[in-house]
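Breakdown of the fold
Each chain is listed here by its residues.
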Amino acid sequence: MRTRTIRPGSAALVLGACGALVLSACGGGSGFGGAAKNQATGPAKLTIMIGSSGDSETNAVKAAAAAWSKQSGNTAKVIAASDLGQQLGQGFAGGTPPDLFYADATRIGDFAKVGNLYPYGDQLKGADYLPSLVKTFTYKDKLQCAPKDYSTLALLINTDMWAAAGLTDADIPKDWAGLETAAKKLTKGKVTGLVIGNAIDRGGVFMRQSGGWVVSADGKTMTADSAQNLAGLQQMQKMMTAGSLKFNTDTRPAAGWGGEAFGKGTAAMTIEGNWIRGALTKDYPTIKTKIVELPAGPAGKGTLMFSNCWGIAAKSTHHAQAVDLVKYLTSIDQQLAFSKAFGPMPSTVAGNTRFKTLYPQDAAFAAGGAYGQGPVNLPGFDPVIAAFGSKLATLGKGADPKAMLAELQKNGTAAIAAG
Amino acid sequence: MAKRKTGIHGREGIAGWVFTAPAMIILGVFLFVPIAMALWVSMTNWTGNVDPFGGGPNATFVGTKNYTALFLQDGLARSNFMQSLGNTFYYVLLVVPLQTAMSLLLALIVNEKFLRGKSFFRTAFYFPSVTSSIAISTVFLFLFSNTGAVNGLLKVVGIDGPEWFSDSRGLLHLFFGLFGAGENPGWAQGQIFGRPLWDWLSGPSVAMCVIIFLAVWTTTGTFMLMFLAALQDLPVEVDEAAMLDGVSPWQKLRLVTIPMLKPALFLVITLGIIGTWQVFDQIYVMGKGSPAGTTMTPAFLSYKTSFTSNAWGSGAAMAFIVFLIIVILTWAQRRLMREDKSPGLLHRAVRAARLAQANGRTGPK
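Residues numbered from 1 in each chain as written. Chains lettered and ligands numbered in written order. Predicted model: local features only at pLDDT ≥ 70, side-chain atom pairs only at ≥ 80, totals over all residues.

Considerations on the overall build of chain A
- Along its length, chain A carries 17 helices and twelve strands.
- Based on the C-alpha atoms only, the size of chain A along its principal axes is roughly 90 × 65 × 40 Å.
- Residues counted as buried form 47% of the 419 residues belonging to chain A.
- Long-range contacts, defined here as pairs at least 24 residues apart, represent 75% of the contacts in chain A between residues at least 6 apart. (Helix = DSSP H or I, 4+ residues; strand = E, 2+ residues; numbered from the N terminus. Buried ≥ 20, exposed ≤ 12 C-beta atoms within 10 Å, placed from the backbone. Contact = placed C-beta atoms within 7 Å.)

Here it is, written out as structure tokens:
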């Protein structure tokens with residue numbers, strides 16, 4: 001028994017040692033970085049972290065960064081993240097985030113609220129960014145970062161099926177009634193007239209077209225349970241009951257996204273964004289496509305916008321150089337070079353005009369820039385929108401749209417109250 | 001006590017501490033300190049970009065708020081967490097018994113003396129366990145895709161296979177449906193922690209079944225090895241004695257082999273419970289909680305809450321709740337599998353008598 005007794009002295013020693021360990025591990029907070037670091041001058045080594053769609057995008061950004069490095073005397077290293085959100089979170093928590101990174105519009109509030117972003121919008125005076133994009137990246141009345149580029153949703157039509165169903169250019173839907181008629185005519189056998197992705201980032205166009213949206217224009221109150229939103233979802237449900245509209249997960253066989261259903265010929269029409277160009281040329285080269293603006297709803301035209309901005313980390317020690325790099329990357333010529341390489345549209349009004357003349361076949365996407373709605377950018381909305389998405393996916397199985405909007409309203413109100 | 005003890009044993013204690021110090025420092029730095037730090041984080045509203053111990057608006061101490069919010073506060077955090085607990089409950093309920101039974105069966109087979117190519121089978125069964133779970137998950141994505149091999153096979157026998165990864169219907173719901181219980185019947189209206197009883201009773205979703213299948217398939221090999229090692233340790237004499245007594249193979253398995261395997265069984269079930277409650281990588285690869293959150297697990301939700309929602313406090317709280325669940329389950333299982341399960345009255349009387357007799361013989365100490 002004697003050897004098993006721990007004498008008080010030894011116990012205190014151990015406790016003291018452990019305590020010292022705890023203190024040395026936490027003290028100073030060296031691993032976490034404290035207040036904003038001092039800004040360094042002179043040639044800088046910048047790190048750019050991007051969530052790339054593929055080699056063409058990575059190489060285009062690398063080329064641009066190299067050109068800027070040569071011109072400015074700094075160096076910029078491009079890292080293509082395999083999971084951007086996670087790697088950024090890790091960078092912020094570890095105190096060594098990349099200087100410059102793609103910041104998704106949906107995450108602006110999350111990032112800005114906790115002070116991860118260096119808001120440099122006031123240094124971008126004179127840049128004529130599309131007003132809807134400026135709104136998307138504004139949090140608490142401050143433009144947080146420069147819009148990198150954007151994409152919008154448009155209606156894609158399989159022209160072979162269109163002709164086979166006896167439809168002509170005059171039948172291209174201008175409103176919901178036209179969409180319904182065309183979709184019904186195109187639905188035949190295994191083909192569904194219109195197949196769209198099963199989340200709010202596709203179905204949301206119906207909410208916009210009937211004049212509704214998740215939050216009010218100033219982003220301060222929830223408007224999810226409005227009559228307009230309900231009308232939008234009811235329109236979708238009506239077409240689903242008729243069988244002319246399906247979510248990608250409800251087709252047989254189910255598709256990974258609207259573009260897959262369209263490319264594999266189980267959908268005659270789909271609602272997708274600029275990125276579908278890549279899939280059409282690479283994966284489904286035989287499909288003949290016409291891209292038109294989305295039909296207008298009772299409240300006029302409506303589409304959704306998707307965008308990233310060039311976020312600059314608050315903890316970066318090279319803010320001035322990073323802003324300079326952003327200015328270079330968002331110049332019209334550079335943005336058009338990106339458009340050429342991997343498809344998105346320039347974020348400025350002038351760039352947009354030049355895009356339209358350069359790519360007339362994508363004019364429908366560019367037109368959406370004038371009236372598109374960006375995603376909800378408030379903090380804490382990521383899980384709220386995800387929860388609504390999983391409810392929305394059951395719309396075709398007879399779920400009650402009013403109940404799902406009420407739940408969205410409730411969850412969103414809680415998120416706004418917390419944020 | 002005032003006088004310091006000297007002599008040959010005097011400094012043993014200090015020497016002991018010195019010898020164990022390296023191990024204790026390593027354990028401290030890499031185990032106890034991180035756990036203590038995580039426990040602290042779970043009681044703050046840390047946003048992940050300042051020193052979590054520095055206070056301030058981004059790291060305020062909030063007490064047990066993160067914990068209570070997950071159980072008592074009506075909202076998205078609670079409903080997501082409760083759904084993940086429900087999902088994982090069914091996952092554990094199916095995976096642990098299945099993997100234990102399967103691995104025991106395989107171990108018994110490859111332990112058979114008359115089996116040919118024993119080492120081939122041992123290697124083959126162990127293979128899934130040594131392969132990266134990410135690689136296996138990816139293979140399963142292809143196998144169970146809508147036009148994949150599994151649905152192809154089902155088609156051959158005339159079954160139209162489900163859309164495995166996008167089917168959020170629960171198995172128990174489907175089963176109730178056979179008896180005409182439609183959506184949300186009257187008897188399942190109550191709520192537990194804000195989640196309707198009907199949702200708690202959903203059973204694993206079709207998508208979760210794929211992950212269950214995957215988990216059983218990959219872990220069986222490891223546990224088979226553990227059973228195999230235990231089987232080879234069993235005394236041959238007992239087996240032979242049982243055979244002389246004329247037991248049937250089934251009786252031998254049930255009354256002789258399995259009771260002797262109890263320590264191994266305990267190990268396998270404990271490791272199974274720990275591993276299944278912490279399932280993460282398969283979820284990460286195979287849909288990140290979709291469809292409709294039916295493959296969401298607490299481990300993945302904790303990661304998501306921390307890294308993408310920047311709510312590190314809430315994420316850490318989830319991790320500690322899962323830790324508690326595992327501890328409680330392991331403790332309960334230990335109680336259930338204890339060596340002498342509350343001996344009967346007669347048993348105890350006999351033992352007491354024997355003890356008294358033995359004491360009487362040698363006299364009190």
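Further notes follow.
Thoughts on the domain arrangement of chain A
Residues and elements named next belong to chain A.
- Segmenting chain A into domains produces domain 1 (45-150 + 307-373) and domain 2 (152-305 + 379-418).
- The gap between the C-alpha centroids of domain 1 and domain 2 is 27 Å.
- Residue assignment for the side of domain 1 that touches domain 2 shows that the elements contributing at least two residues are helix H4 (108-113), helix H5 (131-136), helix H15 (363-367) and strand S12 (372-373).
- Classifying every residue of the side of domain 1 that touches domain 2 gives seven nonpolar, twelve polar and three charged. (Domains from an automatic or database assignment. Nonpolar A, V, L, I, M, F, W, Y, C, P; charged D, E, K, R; others polar.)

Quick word on helix H2 (residues 55-72) of chain A
Residue and element names in this part refer to chain A.
- Between its terminal C-alpha atoms H2 stretches 25 Å, which fits the 26 Å expected from 18 residues at 1.5 Å a residue.
- Residues Val-61, Ala-64, Ala-65 and Trp-68 constitute the buried set of H2. Seen from one end, H2 has its buried residues packed into an arc of 100°, which puts them on one side. Residues of H2 that are exposed and angled more than 90 degrees away from the buried face: Asp-55 and Lys-70.
- Residues of H2 that are buried make contact with strand S1 (45-50), strand S2 (75-80), helix H12 (319-329) and helix H13 (332-342).
- Phi turns positive, to about 85°, at Gly-73, one or two residues after H2. (Expected span 1.5 Å × (residues − 1). Arc of directions from axis to C-beta.)

Things to note about the environment of Ala-268 of chain A
All names here are of chain A.
- As for its position among the elements, Ala-268 is in strand S9 (residues 267-273).
- Linking Ala-268 and Lys-246, residues 22 residues apart in sequence, is a C-alpha distance of 11 Å.
- Not counting chain neighbours up to four residues away, the residues in contact with Ala-268 comprise Asn-158, Met-161, Trp-162, Leu-186, Val-191 and Gly-193.

Quick word on the environment of Lys-45 of chain A
Residues and elements named next belong to chain A.
- Residue position: Lys-45 is located in strand S1.
- Residue Lys-45 is classed as partly exposed on the basis of its C-beta count, with 14 C-beta atoms lying within 10 Å.
- Sequence separation between Lys-45 and His-318 is 273 residues, and the spatial gap between their C-alpha atoms is 8.3 Å.

Here's the deal with the packing of helix H9 (residues 227-242) of chain A against helix H17 (residues 401-418) of chain A
Residues and elements named next belong to chain A.
- As a packed pair, H9 and H17 sit with axes 9 Å apart at the nearest point and diverge in direction by 140°. What the angle tells us is that H9 and H17 run oblique. The interaxial crossing formed by H9 with H17 has right-handed handedness. Across from Asn-229, Leu-230, Leu-233, Gln-234 and Gln-237 in H9, the residues of H17 making contact are Pro-401, Lys-402 and Leu-405.
- Partitioned by chemical class, the residues of the contact of H9 with H17 number four nonpolar, three polar and one charged. (Axes fitted to C-alpha atoms, helices over the stretch in contact; angles between N-to-C directions. Parallel < 35°, antiparallel > 145°, perpendicular 65-115°, else oblique. Left-handed = near helix turned anticlockwise from the far one by under 90°.)

Looking at the packing of helix H4 (residues 118-130) of chain B against helix H9 (residues 206-233) of chain B
Residues and elements named next belong to chain B.
- Where H4 contacts H9, the axes come no closer than 7 Å and their chain directions differ by 120°. When the axes of H4 and H9 are compared, the pair comes out oblique. The element H4 and its partner H9 pack so that their crossing is left-handed. Facing H4, whose interface residues are Phe-125, Tyr-126, Phe-127, Pro-128 and Ser-129, H9 presents Trp-217, Thr-218, Thr-219, Thr-220, Gly-221, Thr-222, Met-224 and Leu-225.

Regarding the domain arrangement of chain B
Residues and elements named next belong to chain B.
- Per the domain assignment, the segments making up chain B are domain 1 (35-73 + 309-339) and domain 2 (88-298).
- Summarising the inter-unit geometry, the C-alpha centres of domain 1 and domain 2 are found 29 Å apart.
- Broken down by element, the side of domain 1 that touches domain 2 gets its largest block of residues, seven residues, from helix H15 (residues 312-336).
- Class assignment of the residues belonging to the side of domain 1 that touches domain 2 gives a composition of seven nonpolar, two polar and no charged.

A few points about the pairing of strand S3 (residues 100-104) of chain A
All names here are of chain A.
- Of all five residues in S3, five are buried; the element is thus mostly enclosed.
- What you see with S3 is no split at all: Leu-100, Tyr-102 and Asp-104 on one side and Phe-101 and Ala-103 on the other are buried throughout.
- With two bridges joining them, S1 and S3 adopt parallel strand pairing. Looking at S3, one finds that Ile-48 is bridged to Leu-100.
- In this structure, S3 lies alongside strand S11 (residues 303-312), joined through five bridges in antiparallel fashion. From the neighbouring strand, Phe-101 faces S11, where its bridge partner is Gly-311. (Pairing = 2+ DSSP bridges.)

Quick notes on the interface of chain B and chain A
- Facing the 30 residues of chain B at the interface are 31 residues of chain A.
- Residue assignment for the side of chain B that touches chain A shows that the elements contributing at least two residues are helix H1 (12-41) and helix H3 (76-110) of chain B.
- Here the side of chain B that touches chain A gets eight residues from one element, more than from any other, and that element is H1 of chain B.
- Grouping the amino acids of the side of chain B that touches chain A by side-chain chemistry returns twelve nonpolar, 16 polar and two charged.

Some words on the pairing of S1 of chain A
Residue and element names in this part refer to chain A.
- Most of S1 sits inside the fold, with five of its six residues counted as buried.
- Bridge count between S1 and S2: six bridges; the pairing is parallel. Directly across from Leu-46, in S2, lies its bridge partner Ala-76.

Re the nonpolar core
Residue and element names in this part refer to chain A.
- Membership of the largest hydrophobic core comes to 103 residues, with the highest contact counts inside it found for Ile-48, Leu-100, Cys-145 and Met-269.
- Looking at which element gives the most residues to this core, the answer is strand S6 (residues 146-158), with seven residues.
- No fewer than three residues from each of domain 1 (45-150 + 307-373) and domain 2 (152-305 + 379-418) sit in this core.
- If we skip the residues at most four places from it in the chain, Met-269 touches Leu-155, Leu-156, Ile-157, Asn-158, Ala-183, Leu-186, Gly-193 and Leu-194. (Core = buried A, V, L, I, M, F, W, Y, C linked by C-beta atoms within 7 Å.)

Quick look at the confidence of the model for chain A
- On average, chain A scores 86 in pLDDT, and the residues at 70 or more come to 91%.
- Every residue in residues 1-36 of chain A is under pLDDT 50, and counting partners more than four places away or in other chains gives 30 contacts. (pLDDT = per-residue confidence, 0-100.)

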